[in-house]
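Now for the letters of each chain:
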Amino acid sequence: MQDDVTEVTAAGIARLAGVGRAAVSNWRRRHADFPRPVGGTGTSPSFALAEVESWLRRQGKLAEVSLRERVWQQLAGHPRGPVAALTHAGCALLLIHDRPMVWLEVSAGSDERLAAMLPAALEQVIVPRFGGRRVHDRAGESPGANEGTVVNAALAVHSAFGVPTPVLHIPTGPTPLTNPTPTTPALDVPTGPALLPSAPLLRGTAELAAELGARQAFDFLLGRHLDANPRQYPLTPTDLARLMADLAGPARTVLDPACGTGALLRATATTPGQELYAQDSAPELAALTVLRLALHRAATVHGAVGDTLRADAHPQVRADAVLCHPPFNERDWGHDELAYDPRWEYGFPARTESELAWVQHALARLTDGGTAVLLMPPAAASRRSGRRIRADLLRRGALRAVVALPVGAAPPYNIPLHLWVLRRPDKAPAQPEVLLADVGQFAAEGRGGPDWPAVRDAVLGAWRDFDRAGAFTERPGLARAVPVIELLDDDVDLAPARHLPPPTAADGAEQLAAVRERLGETLRLTSDLTAPPVRTAPPARWPLTTVGELVRGGALVLRTGGSGGHARVAVLTDHDVRAGTAPSGTLPASGEEAVLTAEGDVVVPVLGGGAVARVIDGTTAGAALGRHLVLLRPDPAALDPWFLAGFLRGTANNRQASSYASTATRLDVRRLRLPRLALGEQRRYGARFRALDEFERTLRHANRLGEHLVRGMYDGLTDGTVAPD
């Protein structure tokens, strides 16, 4: 393998050239001058990106490559890995954002000059903002001969152009070299040798910043990296992060002791003079978080790397708010080393109660009257090993609310997680009560997320009423203020569902009767839509074409999904297409434009097998196209969309166009076939396919109504609202 070479896989080459992977395999076989592999394996080789780009350019296959894709491939194939590349790109973007003229000065000239001069320029931004160590403070390194002069010259240019210098916070106190228990800063100034392989990436990133803006460029690259590695990082969904930040309220000083990718700190409301404290045990997450925050917020950012429970980087902080999504079910959290830690004011957590250790850490870092909001597994509310700590939290008024979220609010998506709202007591409560709420009723069907507007209204409304008055008018089935004395039994079980009365069911029988009537109407409609008997005939011998030929001929436009998202646009997922439901997904926010559906488009899932195609109607048009979906937009003068969708659903058609990996089936949409028929004949077939689609949707609706009726009958019979006769 060559050293310091940015590599790209066959899949990356296909994306660069806008073709399928099969085309790349053909190029390798047919062209003797195709670049040789420089790494990877025999079955999954990787190639030098610069050689691939040169070859594609010579072949005239690189003209349509977007700047975003080119920069992403440089980052994904970086010789030191995508995280190091993303960190270097973020440092350059921060310099471009804060001191653009300095970047122009250091980036002029060769890559070697850029790598030599950039560390000194970055010191002027990173050290004051984050407390990172200077280059010459690490491993006995000394700055290059020209590193001290370039920044002075660049700053002179900066001043001459009238660009304001941002007000930066310079940390005080002992440096990491003199502190007997050093704190590792979240971000160090990268050295010249480390930056040299990143020079082409940094120049491309600067071009991307000129096109999108520095913030949006970093968001695009970070979002693309997180989307490519969904299981590697503990993500907190944006809507949940906003809810947790709103529960904590505006705060001048905010701490996240397990910051991950920084979603919780980003969700906080901006206040004058705000200070944000972040720590994470994963160095790459801490670095990416402080860069993300510095690009988006004017607040002072204090970031550090380390295990918070074992080596707290901010022991003197007393924050107005603590937001935390801690790791769940950790056994090795420091139980043996931390038996006499002063943070355990409410009791020493058992080895199986790591979450209660995080709860007490959050309380220990709050100022009197400060608020902490933690995402917790539901077992933490009822495990017997934690009952004594839960009891003391209740007695002393530290635990103020427990909210059961809907299934699907955050990973793991199959469990209804809890939010704990805590407050550091400044005085003993006169009449201690705790708010228990359960918003599980707002879960969405399938894999879509909860109804977040309804969740926010219910949770914030209940919490603000309770926090303002210290009491709360009960909302059956939703929220109740429970006297602490009622919870202090042998179990101290705080699961909201066990203490909330069921919602009123006075009209339960009438509701069930209405559902029964709707089910009867739907079943009658199903009978009316049943297809008439069909006559048998020999297979037709139509002349055939493929989707790929129609795309090349201009009768179809083909687009792939999953390239970008927007907070205000719903995303059509592959699950939505298969289930026939409304758009329910999200995509990571990025600078890349999303593919939006239009009425008459045909959407096809490419993973998982099964013959599925969906025609977009007026209710679905305008949604963003999700991952693993292909959109086909027919020319109405040449193709009928229902005819197209119907023939794409043929079982034999899908079988011949599918390939099989070890764990999944993938459909090559370009190989799907359909007959060459006149437009009038297409419409005749299309009308029958449309009737079949309506029949299928009616069957699904009848199934949902039947499940609703059965569930309602069981509930009614068991709670006494429906009589057996």
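Nothing here was measured: the structure is a model prediction, and the numbers come from that model.

1. Some points on the confidence of the model for the protein
Averaged over every residue, the pLDDT of the protein is 82; residues scoring 70 or more account for 84%. Predicted confidence is poor over residues 139-181, with pLDDT under 50, and the contacts of this stretch with residues over four places away or in other chains come to 53 contacts.

2. A word on helix α3 (residues 49-58)
Taken as a whole, α3 has its buried residues at Leu49, Val52, Glu53, Trp55 and Leu56. The arc that holds every buried residue of α3, seen down its axis, measures 165°, which confines them to one face. Exposed positions of α3 whose direction lies more than 90 degrees from the buried face are Ala50, Arg57 and Arg58. Lining the buried residues of α3 we find β1 (7-9), α1 (10-17), α2 (21-30), β3 (45-48) and α4 (67-76). With its phi angle positive at about 70°, Gly60 sits one or two positions after the end of α3.

3. Notes on the side chain of Arg343
Tracing the backbone shows Arg343 in the loop between β8 (319-324) and α15 (354-364). The class of Arg343 is buried, set by a relative accessible area of 5%. Here the side chain of Arg343 touches Asp341 through a polar contact of 2.8 Å, side chain to side chain. If we skip the residues at most four places from it in the chain, Arg343 touches Thr308, Leu309, Asp312, Leu338, Gln360, His361, Ala364 and Arg365.

4. Some thoughts on the nonpolar core
In terms of nonpolar packing, the biggest core is built from 104 residues, with Trp103 and Leu419 touching the most fellow members. Ignoring anything within four residues of it in the chain, the contact list for Leu419 reads Leu240, Leu243, Met244, Leu247, Val373, Leu374, Leu375, Ala401, Val402, Val403 and Leu405. In terms of nonpolar packing, the next biggest core, distinct from the first, is built from 40 residues, Val359, Met376, Trp420 and Leu494 among them.

What counts, and where the lines are drawn
Residues numbered from 1 in each chain as written. Predicted model: local features only at pLDDT ≥ 70, side-chain atom pairs only at ≥ 80, totals over all residues. Heavy atoms only, no water. pLDDT = per-residue confidence, 0-100. Contact = heavy atoms within 4.5 Å. Buried < 20%, exposed > 50% of the residue type's maximum accessible area, 1.4 Å probe, protein only. Helix = DSSP H or I, 4+ residues; strand = E, 2+ residues; numbered from the N terminus. Arc of directions from axis to C-beta. Polar contact = N/O pair within 3.5 Å; in protein donor to acceptor, adjacent residues only side chain to side chain. Core = buried A, V, L, I, M, F, W, Y, C linked by side-chain atoms within 4.5 Å.

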